[in-house]
Amino acid sequence: MLLTLTTTHRPATDLGYLLVKHPDKVHSFDMPTGTAYVLYPEVGEDRCTAALMLDVDPRLLRAQRDAFELSQYVNDRPYAASSLLASALAKVFRTALRGASKDRPELAATPIPLEVRVPVLRGTVDLVTRLFAPLGWAVSATAIPFEPEIGGDSRYVDLSLTGELRVADALNHLYVLLPVLDDGKHYWVAPDEIEKLLRSGEGWLAGHPEKVLIARRYLAHRKSLTTTALQLLDADQPVTEEEAELPVARRAPLAEQRRDAVLAAVTEVGAARVLDLGCGGGALLTALVKDRNLTEIVGADVATRSLEQAARRLRLDRLPERQKDRIRLIQTALTYRDDRLCGFDAAVLMEVIEHVDLPRLPALEAAVFGHAKPGAVIVTTPNVEYNVHYEGLTGMRHSDHRFEWTRAEFAEWAARTAEAYGYTVTIRGVGESHEETGAPTQLALFKAVSA
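Everything in this summary refers to the structure shown in the same document.

Moving on to the pairing of strand E5 (residues 112–122). Across four bridges, the pairing between strand E1 (residues 2–7) and E5 is antiparallel. Bridge pairing in E5 links threonine 6 to glutamate 115. Judged from the nine bridges that link them, E5 and strand E7 (residues 153–165) form a sheet pairing that is antiparallel. Looking at E7, one finds that valine 118 is bridged to leucine 159.

In structure tokens:
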């Protein structure tokens with residue numbers, strides 16, 4: 001899928017400074033579903049165009065939530081602009097979205113002539129016009145026809161926008177409205193999406209004539225989230241923090257709370273050498289590296305692509321030798337014994353065990369607790385009882401989860417595993433705890449019993 005941004009401001013090459021992407025280079029970024037590229041097909045003093053291209057790997061796309069199973073293989077996700085492209089835009093142009101520019105701060109705050117093109121976008125000409133025209137854009141949208149033998153128009157449009165706006169405003173309009181037009185998101189919409197919507201919609205969303213439709217679609221038609229967002233946007237009818245559920249909207253995302261709980265546990269056991277088992281793309285590793293008390297950090301995963309993403313995320317190729325010596329990435333399966341994992345102070349299994357088939361879980365226990373036998377093991381996993389608080393969620397929280405346990409089931413597994421392999425264990429909740437269902441995440445801290 002493709003998005004282009006063009007300016008005729010002179011010198012037009014200043015667009016590279018505003019986007020923080022050099023026009024003479026092709027920039028690539030790993031995304032969960034493929035690779036995003038930024039390149040400049042047109043560079044000149046009078047006109048400059050930056051292109052964001054997202055190359056989606058169909059193998060990495062998760063199954064769509066449709067009853068028709070073929071839809072996970074045959075769909076428009078690799079081609080039509082959607083929340084996938086919005087996520088890429090947020091990652092690639094993070095600084096530009098904030099309106100920041102170290103080299104051209106005055107220009108970043110100034111409206112300049114801009115042209116935006118999205119060749120394939122789900123929506124109608126009428127809806128595209130209703131969404132973008134109130135924001136100062138001149139809208140040119142053409143319905144994309146079916147093949148002649150079929151006849152008629154498809155549900156996609158070829159969109160062109162022209163106007164004089166700040167680059168940051170243009171990008172924020174696109175970040176919000178691309179998934180609104182697609183009317184679907186590729187990830188679970190949690191309460192922290194309200195904060196994203198308000199931040200990206202600052203200065204324009206509150207006065208938009210279609211703000212109700214925008215909020216409803218951006219928040220995946222979740223009524224409670226939409227109501228809260230609209231209350232916060234309505235300056236004429238201010239609400240109290242309690243009424244607007246501001247504590248929920250401003251609370252740190254659960255992933256961040258989970259990471260912090262794991263880091264606190266690592267500190268609690270006084271670990272210096274740590275394993276991140278099932279490290280994925282390196283989200284926890286980047287936090288562990290910042291802890292100067294850790295002398296050795298090893299990330300292990302079965303997927304080579306995940307390890308490659310982790311290496312890029314950690315910028316291993318740019319780290320000084322002293323820093324490189326602290327961290328290693330290894331490929332291994334956690335259900336098999338691996339001598340390279342032995343002798344560590346602590347091992348972390350953060351949101352890992354639920355991705356293992358239950359018949360294979362004893363093999364993981366034997367490999368980690370029995371063979372590697374670190375001084376401490378930190379395990380986090382979802383609390384299935386809490387799922388009732390996720391509006392619209394049916395089934396498990398992730399399509400790749402093989403199981404999700406109640407608090408009693410997790411406690412029983414933890415106690416049995418601790419006894420079998422010579423550990424003590426304590427269990428605690430992570431995230432906001434509900435009186436009846438507990439916290440969304442449950443954490444077990446295993447400590448090896450001294451000989």
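Right, picking up where we left off after that structure.
For the rest of this paragraph, the subject is empty space enclosed by the protein. Applying the stated criterion to the full structure yields one cavity of 30 Å³ or more. Its volume calculated, the largest cavity comes out at about 60 Å³. Along the walls of the largest cavity sit Leu18, Ala96, Gly99, Ala100, Ser101, Leu107, Ala108, Val167 and Ala168, which together make up its complete lining. At the level of secondary structure, the elements contributing two or more residues to the lining of the largest cavity comprise helix H4 (105–108) and helix H6 (167–182). The residue makeup of the lining of the largest cavity, split by class, is seven nonpolar, two polar and no charged.

For the structure shown, the criterion picks out 25 salt bridges. Taking the shortest distance from any N to any O, the salt bridge between aspartate 338 and arginine 340 comes out at 2.8 Å. A relative accessible area of 41% places arginine 340 in the partly exposed class. Between glutamate 412 and arginine 416 there is a salt bridge; the shortest N-O distance is 3.6 Å. You can see glutamate 412 and its partner arginine 416 sitting in helix H17 (residues 407–421), four residues apart, about one turn around the helix. Judged by relative accessible area, which is 46%, glutamate 412 ranks as partly exposed. You can call arginine 416 partly exposed: its relative accessible area is 41%. It is possible to trace a salt-bridge network through shared partners that takes in Glu42, Arg47 and Glu115.

With that out of the way, let us pick up the sheet that holds strand E4 (residues 48–56). Strand order in the open sheet formed by seven strands is E2-E3-E4-E1-E5-E7-E6, with antiparallel pairing between adjacent strands. Each edge of the open sheet is held by one strand with a lone partner, namely strand E2 (27–31) and strand E6 (138–145). Strand-to-strand twist in this sheet, taken as the mean axis angle between neighbours without regard to direction, amounts to 15 degrees. Sitting on the sheet, helix H2 (residues 83–92) is in contact with E1, E2, strand E3 (34–42) and E4, with an inclination near 125 degrees to E4. Helix H14 (residues 304–314) contacts E2 and E3 of the sheet and is inclined by roughly 125 degrees relative to E2.

Turning our eyes to something else, we now look at the packing of H6 against helix H7 (residues 192–200). Running from N to C, H6 and H7 point in directions that differ by 145 degrees, and their axes come no closer than 9 Å. The chirality of how H6 crosses H7 is left-handed. Here H6 contributes Asn172, Tyr175 and Val176 to the contact with H7, which in turn contributes Lys196, Leu197 and Ser200. Counted by class, the contact of H6 with H7 contains three nonpolar, two polar and one charged residues.

Further remarks concern the side chain of asparagine 172. Within the secondary structure layout, asparagine 172 lies in helix H6. Beyond its immediate chain neighbours, meaning those up to four positions away, asparagine 172 contacts Leu97, Ser200 and Trp204.

A separate point is the packing of aromatic side chains. For the coordinates displayed, the defined rule picks out ten aromatic pairs. Between the aromatic rings of phenylalanine 369 and phenylalanine 446, the centroid separation amounts to 4.9 Å while the plane-to-plane angle is 70 degrees, which identifies the pairing as edge-to-face. Placement of phenylalanine 369 in helix H16 (residues 361–372) and of phenylalanine 446 in strand E14 (residues 441–448) is noted, with a sequence separation of 77 residues between them. The residues phenylalanine 369 and phenylalanine 446 share a single accessibility class, namely buried. Taking the centre distance of 5.6 Å and the plane angle of 40 degrees together, the rings of tryptophan 405 and tryptophan 413 count as tilted. The pair formed by tryptophan 405 and tryptophan 413 is uniform in burial state, with each residue classed as buried. Through a chain of ring-to-ring contacts, the aromatic side chains of Phe369, Phe403, Trp405, Phe410, Trp413, Tyr421, Tyr423 and Phe446 assemble into a single cluster. The side chain of arginine 104 reaches across the aromatic face of tyrosine 17, ending 3.9 Å from its centre. The positively charged end of arginine 360 is found above the aromatic ring belonging to tyrosine 336, 5.6 Å away from the centroid.

A few words on the nonpolar core. With 67 residues, the main nonpolar core has Leu19 and Phe132 as its most contacted residues. Sort the elements by how many residues they give to this core and H6 lands first, with ten residues. Every residue in contact with leucine 19, bar those within four places of it in the chain, is listed here: Leu5, Tyr40, Ala50, Phe93, Ala96, Val167 and Leu171. Within the second largest apolar cluster, 29 residues are counted, among which are Leu341, Phe344, Val356 and Leu364.

This part takes up H14. Those residues of H14 not exposed but buried are Ser306, Leu307, Gln309, Ala310 and Leu314. One side of H14 holds all its buried residues, which, seen down the axis, span an arc of 160 degrees. Residues of H14 that are buried in the fold lie against E2, helix H13 (283–289), strand E9 (296–301) and strand E10 (327–331).

A few words now on the pairing of E7. On a regular strand, each side chain points to the face opposite its neighbour's, so the side chains alternate between the two faces of the sheet. Direction of pairing for E6 relative to E7: antiparallel, over a ladder of seven bridges. Within E7, the position partnered with proline 145 by the bridge is aspartate 153.

Cut-offs used in this document
Residues numbered from 1 in each chain as written. Predicted model: local features only at pLDDT ≥ 70, side-chain atom pairs only at ≥ 80, totals over all residues. Heavy atoms only, no water. Pairing = 2+ DSSP bridges. Helix = DSSP H or I, 4+ residues; strand = E, 2+ residues; numbered from the N terminus. 1 Å grid on protein atoms, 1.4 Å probe; cavity = no way out; pocket = protein on both sides within 12 Å on 5 of 7 lines; lining within 4 Å. Points joined across faces, edges and corners; volume = space filled by probe spheres on them. Nonpolar A, V, L, I, M, F, W, Y, C, P; charged D, E, K, R; others polar. Salt bridge = Lys/Arg side-chain N within 4 Å of Asp/Glu carboxyl O. Buried < 20%, exposed > 50% of the residue type's maximum accessible area, 1.4 Å probe, protein only. Axes fitted to C-alpha atoms, helices over the stretch in contact; angles between N-to-C directions. Contact = heavy atoms within 4.5 Å. Left-handed = near helix turned anticlockwise from the far one by under 90°. Phe/Tyr/Trp six-rings, centres within 6.5 Å; stacked < 30°, edge-to-face > 60°. Lys NZ or Arg CZ within 6 Å of the ring centre and 35° of its normal. Core = buried A, V, L, I, M, F, W, Y, C linked by side-chain atoms within 4.5 Å. Arc of directions from axis to C-beta.

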